[in-house]
Each structure stands twice: as structure tokens, then as C-alpha cells.
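As a plain string of letters, each chain reads:
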Amino acid sequence: TARNPNMAPSLRSASAKARRDHATALLVGLPTEVSAHIFSRLDLHCLGRLACVSRTLEPSLEAALRVRAVEGGHWLPETLPPGEDAWLRLLLSRERRRVSPTSPVSAGSWHTIFVDETGNLYSSGVERVEGPDRRGLLGHGALQQPEAGLPSPTPIRSMLGVAIRSVAAGNKHSLAISSSGQLFTWGRGADGQCGHGDQVRRCQPTLVSRLADIPIAAAAAGGYHSICAAADGSVYTFGSGARGRIGHGDETDRHLPQLVEALRECSVVAVSAGYKHSMALTDSGAVYSWGKGKHGRLGQGDTANRLSPMRVEALRGEAVVCIAAGGHHSCAALRNGQVYSWGLDDNGQLGGGGGGGEPCREGGGSSQHEDSGQHSGQQPAPGGLAPLHFPPSGVGPRLTRYVPSLVKGLEGVRVRALSAGSAHTLAISEQGRLYAWGLCSAGRLGTGMGPWFDAGSTDVPHEVIVGAADRRLDRRGRDSGGEWRPAAERVAAVSAGTRGGR
């Protein structure tokens with residue numbers, strides 16, 4: 001075909017099919033253990049393509065993925081988990097999460113960090129706002145004008161030559177993972193959140209020496225703490241221990257990365273850090289949460305703080321594929337594309353679609369100890385209701401959900417990625433469409449709904465039309481002509497910034 005560009009399309013298609021069928025026949029004729037060994041050395045993209053084009057190769061592909069799991073020291077269930085219908089699909093999904101946990105963009109409270117397609121590291125934002133000094137937040141050393149900051153993404157020169165594949169931006173610090181699995185941190189270090197064994201500010205990305213020999217697969221930056229998942233599934237945390245957010249059974253700060261013993265028997269593939277709480281997802285789809293429990297953000301059925309990771313029992317038996325911890329709420333997406341959320345819902349960030357929720361308890365019941373330093377390893381039933389509290393903004397009663405509830409308004413949408421901010425939530429579908437809901441002020445939802453909508457909030461997910469900012473949408477996400485607009489760009493990754501409080 002390459003030598004004859006004038007060949008008719010039908011003949012080119014037939015020729016490609018013939019070559020594919022011939023190659024498949026050769027592979028099918030090999031013993032399963034031989035073909036499995038060959039396939040186990042292929043990259044994941046090739047394995048996925050083979051699974052799509054040939055059913056006859058499925059036994060060999062399944063065996064190859066099992067070989068990769070064993071060689072990597074990853075645990076596999078003996079039986080198919082609930083909600084799964086095929087081993088090959090399950091194994092492909094798990095391997096995809098293990099080898100591709102990249103996050104090329106992350107939004108913090110005052111800055112954003114980026115990774116381009118070649119692995120170069122960039123940052124933008126400000127280091128000094130209304131007095132507080134955040135020197136080093138952007139990773140460029142001492143800026144001459146920290147108030148002005150960097151208005152556009154600027155390459156961090158000290159990291160040129162180091163290929164970065166994943167980043168995480170916290171309140172006043174940042175993390176980056178190199179292609180070889182090394183962890184770099186910079187920014188505020190007063191609580192030990194940079195993991196260098198001291199409380200010194202780092203103005204440029206610095207290798208975390210304690211983890212230099214441990215390949216890191218995923219990382220998350222919270223308000224004043226950090227979480228890392230190693231390639232072998234173990235979890236390390238460091239930084240502020242207040243409310244138990246680093247999961248070591250106490251409230252003591254850790255200035256060096258420390259293994260989370262409560263997750264030692266789990267194989268964790270993803271982590272997420274809220275402002276004062278943390279989450280982890282295992283390769284079997286189990287979700288764990290710990291830290292501050294106010295507003296039910298841990299999903300444990302109450303508002304108690306948890307000093308060690310506890311499984312979110314309401315999601316037991318569900319095939320969870322991604323998690324996101326926000327400022328005061330959390331969410332998770334299942335393999336079937338459904339999204340569940342829990343925690344504070346004062347601006348519609350849980351996506352209730354106008355229904356559900358429970359009035360927030362402002363005193364009494366199980367919330368009496370949420371900020372008092374008392375903690376619980378149990379899950380007591382919530383106490384009686386206190387009078388409804390109306391936020392100063394007047395958007396309505398503050399609601400909470402203490403256990404995961406289904407996000408409404410995403411029917412027919414299969415969500416594959418999530419990000420939770422302080423008061424809004426973002427989701428990406430399998431088709432690369434972006435959806436947003438929650439607080440609308442300052443244009444944080446990006447829906448182009450106009451100034452009249454900026455002061456409000458929405459609990460119904462709206463599609464964000466990326467790359468078409470000149471068009472306006474009404475409240476129902478339709479343009480002036482009443483027709484859905486095709487997304488101008490497919491979205492690959494998204495990040496929602498958080499700020500503190502509550």
C-alpha cells in the first residue's frame with residue numbers, strides 16, 4: 001500500500017485486513033504461554049488495540065496482563081468483582097491506571113503548574129497577595145516582582161532536562177513526578193509538606209531524598225500535606241497531621257515521608273488530597289478516606305475526624321475508577337460512568353439536581369466533636385437536626401450528604417476523570433467532553449452563562465464548550481439557537497483549585 005498510493009481505498013482496506021488476519025493466525029498458532037510472554041512486552045496501547053480487533057487473542061492477552069501484574073508485584077482478585085463481566089476488560093483497566101497515572105495540569109490556591117507533551121515543567125500565578133509572602137511557590141527561585149507573579153505559563157529552568165509526567169499543586173506548595181518516578185517538591189515547608197525533613201521553604205523543585213529509591217506513581221497536594229502512591233501500591237504521607245489528614249493514627253506533623261501502615265495490605269493506584277482530608281483508591285476499586293470529617297466529606301456517615309484511613313463502606317461492591325477530594329466535599333466515578341458525591345453542598349457542588357441532601361448540623365449530634373479534637377473509628381448515626389443555617393451569600397440552606405449519593409444530570413454520560421474544587425466540581429467524559437457544576441462566581445465553571453449568572457450556583461452539570469468562548473449558553477446549557485454545540489476541543493485533563501476554611 002505504501003508503494004502504491006493510487007490503490008483504491010477498498011483494496012487498501014482489504015490488504016490491511018489480510019495482513020492483520022495473517023498476523024493473527026500466526027499468533028493464535030503459538031502456545032498460550034509463548035504468545036502471553038510476547039504480548040506482556042508490548043506497550044499498553046498495542047494490547048488495547050489487539051483486544052479490540054481479535055477475540056481469538058483474548059486468552060493470550062489476558063495471560064499477558066496477568067504476567068505483567070505478577071512481575072510488578074500487583075495483587076489480583078481470585079474472582080471477578082461485582083459489576084465486572086470480563087477479565088480482559090478488568091485487567092486492561094487496572095494496567096492502564098498503573099502505567100498512566102499522569103496529571104499534566106494542576107491548579108492550586110494561587111498558582112497553576114503544567115507539563116507539556118515533551119515533559120517540560122511550567123508554572124504561572126502569584127507569590128504575594130495582599131501581604132502574605134509565598135516566595136518560591138512558582139518554583140523559579142526569588143522573583144524580582146512577586147506581586148506581579150507570572151501571568152502566563154513559564155518554564156522552570158532548574159528542571160530543564162528532567163522529564164516530568166505528573167504534577168500536583170497545593171495551597172502553598174507543589175509536587176512533580178519525573179518519568180523515572182522521582183518526586184520533587186517546592187514551596188512552603190513550615191508544616192513539613194515538602195518532605196525534606198525540615199520546615200524550610202524551597203524556592204525551586206528539590207528531590208525528596210527519602211523517596212529517591214522508591215518509584216512514585218501518583219501524588220496529591222493538600223492544604224498543608226502531601227500524599228504519594230508508590231509503584232508497588234504503598235502510600236506515603238507527610239506534612240500537617242491536624243485532624244488526622246496524613247493518616248498515621250495521630251495528629252503529629254511528619255517532616256519526612258512515612259508509610260501509611262493502615263494501607264500496607266492494600267495496593268493503591270490513586271490518591272487525592274482535599275484541603276484537610278485525604279482519599280485513596282485501591283486496584284480492587286475500594287475507596288478509603290481519612291482526616292477532617294466536618295460536613296461529611298469522608299463519606300463515613302457522620303462528621304467525625306478519622307486519624308487513619310477507613311474504607312467508605314457505602315461504595316463497597318462498586319467498581320470505582322477515579323476519586324477526587326475537594327475543599328469540603330468528595331466524589332468518585334464508577335466503571336459504568338456514574339458519579340457519586342458527598343460532603344458540603346452549599347453551592348450545588350454535589351450535583352443533586354435540585355433534590356436530596358440533608359440539612360447541615362451546626363451543633364449537637366455527631367458533629368459536636370468535628371473541630372474539638374475528638375475522633376472516631378466507628379460510624380455512629382447522625383444526631384438530631386439543628387435549625388437550618390443560611391450562608392451570608394443567601395444562596396439557600398447549607399446542605400450536606402454524609403454518604404455517597406448519585407450525581408443527577410449526567411444520565412447517558414460516562415465519566416472517566418474528576419476534579420473537585422472548594423465549591424465546584426469538574427468531570428470529563430470518555431468522549432473528552434467537560435462538565436461543571438457548583439459555584440459560578442468569577443467564571444470558575446467556564447460555561448459562558450453571562451454576568452447575570454456569576455453570582456449564583458447550579459447543582460445541575462453543564463457542558464463546558466472548550467475553545468468556543470464567543471458563544472453564550474443559557475441556564476440549560478443551550479446556545480441562543482436552542483441546539484447543543486459540539487465541543488470545539490476534546491479535554492484530556494482538568495484540575496479545580498481549592499482554598500481553605502471550614
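This text goes with the structure placed above it.
Residues numbered from 1 in each chain as written. Predicted model: local features only at pLDDT ≥ 70, side-chain atom pairs only at ≥ 80, totals over all residues. Heavy atoms only, no water.

A. Spatial organisation of the pairing of strand 13 (residues 268-273). In terms of burial, strand 13 is a largely internal element, five of the six residues being buried. Both strand 13 and strand 14 (residues 277-282) contribute to a ladder of five bridges, which runs antiparallel. Across the sheet, Ala 273 pairs through a bridge with Ser 278, a residue of strand 14. Where strand 13 hands over to strand 14, the hairpin turn is made up of three residues, counted between the paired strands. (Buried < 20%, exposed > 50% of the residue type's maximum accessible area, 1.4 Å probe, protein only. Helix = DSSP H or I, 4+ residues; strand = E, 2+ residues; numbered from the N terminus. Pairing = 2+ DSSP bridges.)

B. Main features of a nonpolar patch on the surface. On the surface, Leu 30, Val 34 and Ile 38 cluster together to form a nonpolar patch covering roughly 200 Å² of accessible area. Relative to the helices and strands, Val 34 is located in helix 2 (residues 32-39). Classification of Val 34 as partly exposed rests on a relative accessible area of 36%. (Patch = residues over 30% accessible without salt bridge, like charges linked within 9 Å, V, L, I, M, F, W, Y side chains within 5 Å. Areas by Shrake-Rupley, 256 points an atom, 1.4 Å probe, with all protein chains shown as cover. Salt bridge = Lys/Arg side-chain N within 4 Å of Asp/Glu carboxyl O.)

C. Summary view of helix 2. Every buried residue of helix 2 is listed here: Ser 35, Ala 36 and Phe 39. Taken end-on, helix 2 shows its buried residues confined to a sector of 105°, consistent with a single buried face. (Arc of directions from axis to C-beta.)

D. Structural view of the nonpolar core. Judged by nonpolar contacts, the single largest core of 16 residues is most densely connected at Phe 39, Leu 47, Leu 61, Leu 65, Leu 88 and Leu 92. With five residues, helix 5 (residues 87-99) is the largest single contributor of residues to this core. Non-local contacts of Leu 47, meaning those with residues more than four positions away in its chain, are made with Phe 39, Leu 42, Leu 61, Leu 65, Arg 68 and Leu 92. (Core = buried A, V, L, I, M, F, W, Y, C linked by side-chain atoms within 4.5 Å. Contact = heavy atoms within 4.5 Å.)

E. Representation of the packing of helix 2 against helix 4 (residues 58-71). It is the contact of helix 2 with helix 4, at a shortest axis distance of 8 Å, that shows an interaxial angle of 60°. Relative to helix 4, the element helix 2 is oriented oblique. Judged by the twist between their axes, the crossing of helix 2 over helix 4 is right-handed. From helix 2, Thr 32, Ser 35, Ala 36 and Phe 39 reach across to helix 4, where they touch Pro 59, Ser 60, Leu 61, Ala 63 and Ala 64. Split into classes, the residues belonging to the contact of helix 2 with helix 4 amount to six nonpolar, three polar and no charged. (Axes fitted to C-alpha atoms, helices over the stretch in contact; angles between N-to-C directions. Parallel < 35°, antiparallel > 145°, perpendicular 65-115°, else oblique. Left-handed = near helix turned anticlockwise from the far one by under 90°. Nonpolar A, V, L, I, M, F, W, Y, C, P; charged D, E, K, R; others polar.)

F. Region of the structure containing the side chain of Asn 171. For Asn 171, the location among the structural elements is in the loop between strand 5 (164-169) and strand 6 (173-178). Among the residues examined, Asn 171 registers a relative accessible area of 5% and is labelled buried. Reaching out from Asn 171, the side chain makes a polar contact with the side chain of Ser 109 at a distance of 2.9 Å. If near-sequence neighbours (up to four positions away) are discounted, Asn 171 is found in contact with Ser 109, Trp 110, Leu 137, Gly 222, Gly 223, Tyr 224 and Tyr 275. (Polar contact = N/O pair within 3.5 Å; in protein donor to acceptor, adjacent residues only side chain to side chain.)

G. Fine view of unusual backbone geometry. Although it is not a glycine, Arg 243 sits at a positive phi angle of roughly 65°. Mapped onto the secondary structure, Arg 243 falls in the loop between strand 11 (235-239) and strand 12 (254-259). Judged by relative accessible area, Arg 243 falls into the partly exposed class, the value being 22%. Even without glycine at this site, His 295 takes up a positive phi of about 70°. Here His 295 shows up in the loop between strand 15 (287-291) and strand 16 (306-311). Judged by relative accessible area, which is 3%, His 295 ranks as buried.

H. Fine view of the pattern of salt bridges. What the rule picks out here adds up to 10 salt bridges. Among the ionic pairs, Asp 191 bridges to Arg 188, the shortest N-O distance being 3.5 Å. Given a relative accessible area of 17%, Asp 191 falls into the buried group. Measuring nitrogen to oxygen at the nearest pair gives 2.6 Å for the salt bridge that ties Arg 433 to Glu 463. Of the two residues, Arg 433 is situated in the loop between strand 23 (424-429) and strand 24 (434-439) and Glu 463 in strand 25 (residues 457-464); the sequence distance between them amounts to 30 residues.

I. A look at the sheet that holds strand 22 (residues 415-420). If you walk across this open sheet you meet the four strands as 22-23-24-25, and the pairing is antiparallel. Both outer strands of the open sheet, strand 22 and strand 25, are each paired with one neighbouring strand and no more. Ignoring strand direction, the axes of neighbouring strands in this sheet form an average angle of 15°. By the bridge criterion, five bridges tie strand 24 to strand 25 in an arrangement that is antiparallel. The partner of Leu 434 across the bridge, within strand 25, is Val 464.

J. Structural detail: the environment of Tyr 402. Structurally, Tyr 402 is set in strand 21 (residues 399-406). When the C-alpha positions of Tyr 402 and Gly 296 are compared, they lie 4.3 Å apart, and in sequence the two are 106 residues distant.

K. Region of interest: the sheet that holds strand 11. Judged by pairing direction, the sheet is antiparallel, and its four strands sit side by side in the order 9-10-11-12 without closing on themselves. The open sheet terminates on both sides in strands that have one partner only, identified here as strand 9 (216-221) and strand 12. The sheet shows a mean angle of 15° between the axes of neighbouring strands, direction not considered. As defined by bridge partners, strand 11 adjoins strand 12 across three bridges and the pair is classed as antiparallel. In the sheet register, Thr 237 faces strand 12, and the bridge partner there is Gln 258.

L. The packing of aromatic side chains, seen in detail. Evaluated as defined, the whole model comprises one aromatic pair. Measuring from ring centre to ring centre gives 5.8 Å for Tyr 224 and Tyr 275, while their planes differ by 80°; the resulting arrangement is edge-to-face. Remark: Tyr 275 occurs in the loop between strand 13 and strand 14 and Tyr 224 occurs in the loop between strand 9 and strand 10 (225-230); sequence separation between them is 51 residues. Geometry around Trp 87 places Arg 66 over its ring, the cationic atom sitting 4.5 Å from the centre. (Phe/Tyr/Trp six-rings, centres within 6.5 Å; stacked < 30°, edge-to-face > 60°. Lys NZ or Arg CZ within 6 Å of the ring centre and 35° of its normal.)

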